[in-house]
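# A structural walkthrough
Next come the chains, spelled out residue by residue.
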Amino acid sequence: MENAIIVGILIIVGFIAIRSTVKHFQGKRGCCGGGNYKPRKKKLSCVIAQKTFRVEGMHCEKCKARVEEIVNDIKGVAGKADLKKGELTVSYSEEVSDELIKARIERAGYTVTEIWNADSAR
């Protein structure tokens, strides 16, 4: 009897895991809960510099939107993420420390591994 209960529980857990995995790869639900959230766009009056940040941990459109929103909340900068490349291009209208941007991104659970000037070769 006890074995039947354990087997039943394992079957239910396995079914839920397989269903979630299939939905994830079909694009119905992202790794962070899915949804069609679009971050608010931010336009800068003038751009004095651009830098690119390599961001690890962006797996879906919601991750991309979240990273953009984090950067767009900082005064004087605007960000545009590229999910396929794992990069975030940040435009600056005033001096803002790279460490501030990196700290905010990493506080949200992502990892910044590299920063370079967008107009220079890596």
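Check the entry above for the structure.
Residues numbered from 1 in each chain as written. Predicted model: local features only at pLDDT ≥ 70, side-chain atom pairs only at ≥ 80, totals over all residues. Heavy atoms only, no water.

## Section: the overall build of the chain
Note the threshold: Where helices and strands are cited, they refer to DSSP runs of H or I of at least four residues and of E of at least two residues respectively, numbered from the N terminus. Burial here depends on accessible area, computed with a 1.4 Å probe over protein chains only, as a share of the maximum for the residue type. Under 20% is buried, over 50% is exposed, and the range in between is partly exposed. Any two residues whose heavy atoms approach within 4.5 Å at even a single point are treated as in contact. All accessibility values rest on the Shrake-Rupley procedure with a 1.4 Å probe; residue burial counts only the protein chains present in the view.
For the chain, the count of helices and strands is three helices and four strands. Listing the helices and strands of the chain from first to last along the sequence gives α-β-α-β-β-α-β. The burial tally for the chain puts 31% of its 122 residues in the buried class. For the chain, the proportion of contacts with a sequence separation of at least 24, taken over those separated by at least 6, is 67%. Carbon and sulfur atoms provide 55% of the accessible area of the chain, an area that totals close to 8,300 Å².

## Quick word on the nonpolar core
Put simply, the rule is: The set of buried Ala, Val, Leu, Ile, Met, Phe, Trp, Tyr and Cys residues whose side-chain atoms join them within 4.5 Å is what this entry labels a nonpolar core.
Core analysis: the biggest nonpolar cluster contains 20 residues, and V55, L88, I101 and I105 have the highest contact counts within it. At the level of elements, β1 (49-56), α2 (61-72), β2 (77-82), β3 (87-92) and α3 (98-107) are the ones that each hand at least two residues to this core. For this core, the leading source of residues is α2, giving four residues. Beyond its immediate chain neighbours, meaning those up to four positions away, V55 contacts V67, G86, L88, I105, Y110, T111 and V112.

## Digging into the pattern of salt bridges
The criterion, for reference: Salt bridges are identified by distance alone: a Lys or Arg side-chain nitrogen within 4 Å of an Asp or Glu carboxyl oxygen.
Under the criterion given, the structure shown has five salt bridges. In this structure, K51 and D98 form a salt bridge, with 2.7 Å as the shortest nitrogen-oxygen distance. With K51 in strand β1 and D98 in helix α3, the pair connects residues that are 47 residues apart, well separated along the chain. Judged by relative accessible area, which is 19%, D98 ranks as buried. With a closest N to O distance of 3.5 Å, R54 and E87 form a salt bridge. Taken together, the residues R54 in strand β1 and E87 in strand β3 connect sequence positions 33 residues apart.

## Describing the sheet that holds β3
Keep this limit in mind: When DSSP locates at least two bridges between a pair of strands, those strands are taken to pair. Fitted lines through C-alpha atoms serve as axes, helices being fitted only where they are in contact, and the angles separating the N-to-C directions of these axes extend from 0 to 180 degrees.
Taken together, four strands build an open sheet; the order of strands is β2-β3-β1-β4 and the sheet is antiparallel. What marks the edges here is a single partner per strand, and that holds for β2 and β4 (111-117). Ignoring strand direction, the axes of neighbouring strands in this sheet form an average angle of 25°. Sheet analysis places β1 next to β3, joined by six bridges and oriented antiparallel. From the neighbouring strand, A49 faces β3, where its bridge partner is Y92. Most of the contacts of α2 go to β2, to which it runs at about 165°, and overall it touches β1, β2 and β3. Here α3 sits on the sheet in contact with β1, β2, β3 and β4, set at roughly 150° to β4.

## Looking at α3
Formally: Relevant arc is that of directions from the helix axis to the C-beta atoms, nothing else. Side-chain atoms alone can form a polar contact between residues adjacent in sequence; in general such a contact is a pair of N or O atoms within 3.5 Å, and within protein one must be able to donate a hydrogen while the other accepts it.
All buried positions along α3 are accounted for by D98, I101 and I105. Taken end-on, α3 shows its buried residues confined to a sector of 70°, consistent with a single buried face. Projecting away from the buried face of α3 at angles above 90 degrees are the exposed residues E99 and R107. Of the surrounding elements, those touching the buried residues of α3 are β1, α2, β2, β3 and β4. With a side-chain oxygen positioned 3.1 Å from the backbone nitrogen of E99, the residue opening α3 is S97.

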